[in-house]
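Observations on the three-dimensional arrangement
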Amino acid sequence: MPENLPDLLAAEGVLFDLDGVLTPTAEVHMRAWKAVFDDVFAEWGITPAYTDADYFDYVDGKKRYDGVASLMHSRNVEIPWGEVDDPPSADTICGIGNRKNDAFAAELRRDGIAPYPGSLALVQRLHAAGVPLGVVSSSKNAEEVLAAADLRSYFRIVVDGVVAERMTENFQDVVAKQPVLSLQNISTLEIVFSVPDSDVQRAPVPSKIDMKGLARASEAFSLTARCDAIPGRDFPVKLKEFGAQADPGTKTYPVTVTMPQPEGARVLPGMA
């Protein structure tokens, strides 16, 4: 065994990836995709039939909706893209993609998932030694997978979000401390905007700006946000920060509100 491997028992904390490290989640994803595409192909009379090779050729490694579009294009089938909050029954790219999420959850509930024995042994040893443990995953199903594998209690923190930036290629050799990707936790979003000084007197902020005052202001006023990418919906937000000093150039005050990821929609950083 190489002598330069780190002593994990002496670490201040250890982060684990989920898919392929703690659990064989890819197998569940494959079964879920097969269940969805078998139904779609049979209902629409699409040939040739869906195979495991299709998963690796058109779906694996792609974003969920892009994988659906890629596979449909391979069969010369064109359907509307739809919206991210389309119901799973919708005959759209997004609808089929959302149907896969339901199939994935059903697979977990029916068959469960077992952790890799070696990974489980390492997690248990580190946990018994008091080493803080965490999981970092780009999957939005991380919490559900950990619960199904009976692993959740070992980890103090689970960061499940979306990949904001990928800095390496698949199978590329990396060195210690080299960044490989950037993850965004989108369970709670922050929205930052500016309020002109002329509107400050009408803004719902207390005279004393502290945490209790901000909480009272959020409770007293119904604050909502809108997203152009998801028309027709207002999303509740809470006041987090209200700048006490104006920008000298713009004469505006910075305001920050927080918004939990809404049900039935997917709001991402940078959306208008």
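Residues numbered from 1 in each chain as written. Predicted model: local features only at pLDDT ≥ 70, side-chain atom pairs only at ≥ 80, totals over all residues. Heavy atoms only, no water.

Across the interface, helix α1 (residues 25–44) lies against helix α2 (residues 52–59) with an axial gap of 10 Å and an inter-helix angle of 105°. Classed by the angle they form, the pair α1 and α2 counts as roughly perpendicular. Contacts between α1 and α2 involve Ala26, His29, Met30, Trp33 and Phe37 on the former and, on the latter, Asp52, Tyr55, Phe56 and Val59. (Axes fitted to C-alpha atoms, helices over the stretch in contact; angles between N-to-C directions. Helix = DSSP H or I, 4+ residues; strand = E, 2+ residues; numbered from the N terminus. Parallel < 35°, antiparallel > 145°, perpendicular 65-115°, else oblique. Contact = heavy atoms within 4.5 Å.)

Once that is clear, we can look at the side chain of Asn101. In this fold, Asn101 is placed in helix α4 (residues 93–111). In this view, Asn101 contacts Arg64, Lys140 and Asn141; residues no more than four positions away in its chain are not counted.

This next bit is on the sheet that holds strand β6 (residues 188–196). Taken in spatial order, the three strands line up as β6-β10-β9 in an open sheet, and their pairing is antiparallel. Each edge of the open sheet is held by one strand with a lone partner, namely β6 and β9 (238–242). Strand-to-strand, the axes of this sheet are offset by a mean angle of 25°, without reference to chain direction. Where β9 and strand β10 (residues 252–260) come together, four bridges link them in antiparallel fashion. Residue pairing for β10: Lys238 is matched across the bridge by Thr258. (Pairing = 2+ DSSP bridges.)

This next bit is on unusual backbone geometry. A cis geometry characterises the amide bond from Thr47 onward to Pro48, with omega recorded as -5°. The residue Pro48 is located in the loop between α1 and α2 in this model. Even without a glycine there, the phi angle at Asn76 is positive, about 60°. If you trace the backbone, Asn76 turns up in the loop between α3 (64–74) and α4.

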